[in-house]
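Below are the chains, spelled out letter by letter.
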Amino acid sequence: MSELLKAFEDELQSKNFKGYWQNVQGDVYREPVPSYEPCHWRGKDLFAAIEKAGEVVGLDLSFRRVIQLWNPSLKNGTTRTLVLNLQMLKSGEEALSHRHIAGAVRFVVKGSGARLIVEGESFEIGEGDFATTPSWTWHDHENNAGQTMLWLDGLDSPLVRLLETDFHEPDPRKKQTVNKPEGYSASTLGALRPSWMRAHGIQPPAFAYKWADTEKALNKVGEQPGDPYDGIVLDYGNPLTGGPTLPTMSCQIHMLRSGEKTKSHRHTSSTIYYVHRGSGVSTIGDKHYEWEQGDSFVVPLWYHHHHENTAKDPAIFFVMSDKPLMDAIGHYREQA
Ligand code: GTQ
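Notes on the structure follow. (Residues numbered from 1 in each chain as written. Predicted model: local features only at pLDDT ≥ 70, side-chain atom pairs only at ≥ 80, totals over all residues. Heavy atoms only, no water.)

Here's the deal with the sheet that holds strand β14 (residues 250-256)
Pairing within the open sheet is antiparallel, and its six strands lie in the order β1-β19-β16-β21-β14-β13. Sheet topology places β1 (39-41) and β13 (232-235) at the edges, where each strand pairs with a single neighbour. The sheet shows a mean angle of 20° between the axes of neighbouring strands, taken without regard to direction. In the sheet, β1 pairs with strand β19 (residues 296-299) via three bridges, with the strands oriented antiparallel. By the bridge assignment for β19, W41 is matched with S296. Strands β13, β14, β16 (271-277) and β21 (315-321) of the sheet are contacted by helix α6 (residues 211-221), whose axis makes an angle of about 145° with β13. (Pairing = 2+ DSSP bridges. Helix = DSSP H or I, 4+ residues; strand = E, 2+ residues; numbered from the N terminus. Axes fitted to C-alpha atoms, helices over the stretch in contact; angles between N-to-C directions. Contact = heavy atoms within 4.5 Å.)

As structure tokens, then:
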């Protein structure tokens, strides 16, 4: 570098300027290269870890008894935008109320009869049920079911951290008062609903989706061709608009029929898979990942991937992706 140029760059720096040439050399072809990698977590490790947490971690130590599926190629989180956690709430325990900018969802993997209280409505949740806690909604949990509950928490908190937009408020009441009748949302947010139930702004209303309905839907559509890249796909849609689960994340159930092998593609959204049922193998980039019930894995953006159900029974994934975010800002691209 010439002394003249060096002196100029020093002068720019001293005045808080930077020349474009200092960051970017030339004008080159570029496509997404994620800074983080695929990752696979074994269910048996995850469930052993949460069992141990149940023994050594009380709710006095940890506001939520939660273990993060940490992608070690990131400082924190499961993907750049989303995190998947496993939470344990033992019988007789309650997780106190709070609200935050991060949007959250729950997918129950074990137990039934606990309660998720969101914005004054108490939802009974059990295995396979899915529920939303949209941004800035009060939520607490209680378990008087006589059995330990385990559920997955999906949150967009890595995105919130990136954007530095977090507001977070502990609830001075500690627990919410339930002020809506049992089944209120189920009866007011379906296809038949009061005329005044309209979407307000971008956030969906909190909603719970029962496994019995999911299973019924899978049985009804299971013989159809499905999606070439994902098999049978059910969206957990915004009950008022049919839009994505949350503005920042789309949650789905995928089913691969016995022997089904999907076509390979890639896209600019990142995806987290949890194996609810079955076993098989997924190829992400040039690596193969054999999975079974309870496992989880991540497909970072722009990695080619395809899946195969190698077993006799259907394989069922609970899936989270940041596609709605990419759609909203016009960054979604897909390539076969
Ligand atoms: O349920 O509020 O997994 O605040 C992590 C942080 C769950 C929750 C988590 C949380 C929650």
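A look at helix α3 (residues 43-56)
Given a rise of 1.5 Å per residue, 14 residues ought to cover 20 Å, and the 20 Å separating the end C-alpha atoms of α3 matches this to within 8%. Burial in α3 covers these residues: G43, L46, I50, A53 and G54. In an axial view of α3, the angular spread of the buried residues amounts to 105°, which keeps them on one side of the axis. Relative to its buried face, α3 has exposed residues pointing more than 90 degrees away, namely K44, E55 and V56. (Expected span 1.5 Å × (residues − 1). Buried < 20%, exposed > 50% of the residue type's maximum accessible area, 1.4 Å probe, protein only. Arc of directions from axis to C-beta.)

Description of α6
Listing the buried residues of α6 in full gives W211, T214 and L218. One face of α6 carries all of its buried residues, which in axial projection span an arc of 60°. Residues of α6 that are exposed and angled more than 90 degrees away from the buried face: A212, K216, N219 and K220. In this structure, the buried residues of α6 make contact with β12 (208-209), β13, β14, β16 and β21.

Some thoughts on the packing of aromatic side chains
What the rule picks out here adds up to 14 aromatic pairs. Between the aromatic rings of W136 and F167, the centroid separation amounts to 6.4 Å while the plane-to-plane angle is 75°, which identifies the pairing as edge-to-face. Taken together, the positions of W136 in the loop between β8 (130-133) and β9 (139-142) and F167 in the loop between α4 (157-163) and β11 (168-170) put the pair 31 residues apart, joining distant regions of the chain. A relative accessible area of 30% places W136 in the partly exposed class. (Phe/Tyr/Trp six-rings, centres within 6.5 Å; stacked < 30°, edge-to-face > 60°.)

Here we look at the site of the ligand
Within the structure, the ligand sits among R64, V66, N85, Q87, H98, H100, R106, H139, H141, D153 and L155. Within the side chain of N85, a nitrogen or oxygen atom sits 2.9 Å from an oxygen atom of the ligand. R106 is positioned such that a nitrogen or oxygen atom in its side chain is 2.8 Å from an oxygen atom of the ligand. Relative to its unbound accessible area of 290 Å², the ligand is 86% covered by the protein chains. Elements that contribute at least two residues to the shell around the ligand include exactly β3 (83-89), β4 (94-100), β9 and β10 (149-155). Across the shell around the ligand, the residue classes tally to two nonpolar, six polar and three charged. (Near = heavy atom within 4 Å. Polar contact = N/O pair within 3.5 Å; in protein donor to acceptor, adjacent residues only side chain to side chain. Areas by Shrake-Rupley, 256 points an atom, 1.4 Å probe, with all protein chains shown as cover. Nonpolar A, V, L, I, M, F, W, Y, C, P; charged D, E, K, R; others polar.)

Section: unusual backbone geometry
A positive phi angle is found at N16, which is not glycine, with a value near 60°. Within the secondary structure, N16 is located in the loop between α1 (3-14) and α2 (20-23).

What about the sheet that holds β8?
Read across the sheet, six strands follow the order β2-β3-β10-β5-β8-β12 without closing on themselves; strand pairing throughout is antiparallel. Since the sheet does not close on itself, it has two edges, and those belong to β2 (66-68) and β12, each with one partner. Its contacts with the sheet put α3 on β2, β3, β5 (104-110) and β10, and the angle it makes with β3 is roughly 45°.

Quick word on the pairing of β4
A regular strand carries its side chains on alternate faces of the sheet. Burial runs high along β4: five of the seven residues are buried. Bridging between β4 and β9 involves three bridges; their strand directions are antiparallel. Considered in β9, the bridge of H98 is made with H139. Where β4 meets β11, three bridges bridge the pair, whose relative direction is antiparallel. Its bridge partner lying in β11, R99 is registered against E169.

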